[in-house]
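An overview of the molecular structure
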Amino acid sequence: MADTPPNDATARIDRALERIEAAAAARAFASERLARRHAVLRGRIEEAVAALDNLIAREERQD
């Protein structure tokens, strides 16, 4: 029995593990969310650059 921690210590360890798991899940969610936002922003920037390229090309043809 000397190798087994008391019940209150086991309960504290369980709660700490729960907090660690919750923090890891929140971090993974935040990371995924950031990656999605980055992809959307990248797409918008690519569209804006393409529109600017088209506008510049049209202006050059008119000159």
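Since the model is a prediction, treat every value here as computed from it, not as a measurement. (Residues numbered from 1 in each chain as written. Predicted model: local features only at pLDDT ≥ 70, side-chain atom pairs only at ≥ 80, totals over all residues. Heavy atoms only, no water.)

**Some words on the overall build of the protein**
Secondary structure assignment for the protein yields 1 helix and 0 strands. Its C-alpha atoms give the protein a radius of gyration of 27 Å, clearly above 11 Å, the size a compact globule of 63 residues would have. Summarising its shape, the C-alpha atoms of the protein cover approximately 90 × 15 × 10 Å along the three principal directions. With the model as given, the accessible surface of the protein reaches about 6,000 Å², and the carbon-plus-sulfur share is 58%. Charge-centre separation for the protein: the mean point of 11 positive side chains lies 4 Å from the mean point of 12 negative side chains. (Helix = DSSP H or I, 4+ residues; strand = E, 2+ residues; numbered from the N terminus. Rg over C-alpha atoms; globule rule 2.2 N^0.38 Å. Areas by Shrake-Rupley, 256 points an atom, 1.4 Å probe, with all protein chains shown as cover. Lys, Arg positive; Asp, Glu negative; His and termini not counted. Charge placed at Lys NZ, Arg CZ, Asp CG, Glu CD.)

**Comments concerning the pattern of salt bridges**
One pass over the full model with this rule turns up 1 salt bridge. Salt-bridge contacts for R42 lead to E46; the nearest nitrogen and oxygen are separated by 3.8 Å. Of this pair, R42 and E46 both sit in helix α1 (residues 7-62), 4 residues apart, roughly one helical turn. (Salt bridge = Lys/Arg side-chain N within 4 Å of Asp/Glu carboxyl O.)

**Focus on the environment of L55**
Relative to the helices and strands, L55 resides in helix α1. Judged by relative accessible area, L55 falls into the partly exposed class, the value being 40%. (Buried < 20%, exposed > 50% of the residue type's maximum accessible area, 1.4 Å probe, protein only.)

**Focus on the environment of A28**
Inspection of the secondary structure assignment puts A28 in helix α1. The spacing of A28 and H38 is 10 residues in sequence and 15 Å in space, taken between C-alpha atoms.

**Examining the environment of A51**
For A51, the location among the structural elements is in helix α1. Relative accessible area serves as the criterion here: at 44%, A51 is assigned to the partly exposed category. For the pair A51 and N7, spaced 44 residues apart in sequence, the C-alpha to C-alpha distance is 66 Å.

**A word on a nonpolar patch on the surface**
A contiguous nonpolar patch, built from I13, L17 and I20 and spanning about 290 Å² of accessible area, is present on the exposed surface. With respect to the helices and strands, the residue I20 is situated in helix α1. By relative accessible area, I20 is classed as exposed at 55%. (Patch = residues over 30% accessible without salt bridge, like charges linked within 9 Å, V, L, I, M, F, W, Y side chains within 5 Å.)

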